[in-house]
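Coordinate inspection notes
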Amino acid sequence: MAPPIHIKLISGILNTIVLIAGIRNLVAPGTPLVVIPEDDMFQAHFGAASDPKMAHVFQLFGVFMIMAACTKHVTVFGHSEGTFLRKKLFFVLGLADIACAAIVFQ
C-alpha cells in the first residue's frame, strides 16, 4: 500500500533538507546553509571549516545523512514492496558504502 499524499509531502520536504545538508557536509564542510536556522553558529562551534580532522568527521557524517535521506526517499516514493524496492535500497546503501570507503581512504 502506498503512503498517503501528506506523508509523501512531509517526508519529501524534510528529507530534501537533510539531503542538502548532507551534500554540504560532503562537499564543503563548515559552510553554513541559509535554509537551516543558526547553522553558522553550529558550524563555528565544531570548527569544521578550520580543523581538517573535524572536516573529515563532517564528511563522514554527510555521507550518512545522504544515505538516510536517500533511503527514505526510495522507501516513500519508490515501489511499495517487493523485489524492486529491495533492489533500489541495496543500490542506495551500496553507493553510501562506496562513498564512505572513499572518504575513509583518502
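Above this text sits the structure in question.
Residues numbered from 1 in each chain as written. Predicted model: local features only at pLDDT ≥ 70, side-chain atom pairs only at ≥ 80, totals over all residues. Heavy atoms only, no water.

1. A short note on the overall build of the chain
For clarity, the cut-off: A run of DSSP states H or I qualifies as a helix once it reaches four residues; a run of E qualifies as a strand once it reaches two. Both are numbered from the N-terminal end. For the exposure calls, accessible area comes from a 1.4 Å probe over protein chains only, and a residue counts as buried if that area is under 20% of its type's maximum, exposed if over 50%, partly exposed in between. By definition, residues are in contact when any of their heavy atoms lie within 4.5 Å. Note on areas: Shrake-Rupley, 1.4 Å probe, and residue coverage restricted to the protein chains presented here. Under the counting rule used here, the positive set is Lys and Arg, the negative set is Asp and Glu, and His together with the chain ends is not counted. For the purpose of locating charges, the reference atoms are NZ of Lys, CZ of Arg, CG of Asp and CD of Glu.
Within the chain one finds four helices and zero strands. Considered along the principal axes of its C-alpha atoms, the chain spans approximately 45 × 35 × 15 Å. By the burial criterion, 29% of the 106 residues in the chain qualify as buried. By sequence separation, contacts in the chain at least 24 residues apart represent 55% of the contacts at least 6 residues apart. Surface accessibility of the chain: about 7,100 Å² in total, with carbon and sulfur atoms responsible for 75%. Where the 7 positive side-chain charges of the chain centre and where its 6 negative ones centre are 14 Å apart.

2. Re unusual backbone geometry
Unusually for a residue other than glycine, Glu38 sits at a positive phi of about 60°. If you trace the backbone, Glu38 turns up in the loop between helix H1 (5–27) and helix H2 (39–46). The exposure class assigned to Glu38 is exposed, which follows from its relative accessible area of 57%.

3. Digging into the packing of helix H3 (residues 52–77) against helix H4 (residues 83–104)
Our working rule: Here an angle of 0 to 180 degrees is reported between the N-to-C directions of two axes, which are lines fitted to C-alpha atoms, with helices fitted over the stretch in contact. Any angle that is under 35 degrees is reported as roughly parallel, and any over 145 degrees as roughly antiparallel; angles of 65 to 115 degrees are reported as roughly perpendicular and all others as oblique. Throughout this entry, Asp, Glu, Lys and Arg are counted as charged residues, while Ala, Val, Leu, Ile, Met, Phe, Trp, Tyr, Cys and Pro are counted as nonpolar. The remaining residues, Gly among them, count as polar.
Interhelical geometry of H3 versus H4 gives an angle of 175° and a closest axis separation of 10 Å. Regarding the angle of H3 to H4, the classification is roughly antiparallel. In this structure, H3 contributes His56, Gln59, Leu60, Val63, Phe64, Met67, Cys70, Thr71, Val74 and Thr75 to the contact, and H4 contributes Leu85, Lys88, Leu89, Val92, Leu93, Ala96, Ala99, Cys100, Ile103 and Val104. Its residues assigned to classes, the contact of H3 with H4 comprises 15 nonpolar, four polar and one charged.

4. Here we look at H4
Every α-helix carries 3.6 residues per turn, so stepping three or four residues along brings you back to the same face. To be explicit about the condition: An expected span of 1.5 Å times one less than the residue number is assigned to each helix. The directions considered for the arc are those from the helix axis to the C-beta atoms.
The terminal C-alpha atoms of H4, which comprises 22 residues, lie 31 Å apart, in line with the 32 Å expected from a rise of 1.5 Å per residue. Taken together, the buried positions of H4 are occupied by Leu85, Leu89, Val92, Ala96, Cys100 and Ile103. Taken end-on, H4 shows its buried residues confined to a sector of 75°, consistent with a single buried face. Along H4, exposed side chains directed more than 90 degrees from the buried face belong to Thr83, Lys87, Phe90, Phe91, Asp97 and Ile98. Residues of H4 that are buried sit in contact with H1 and H3.

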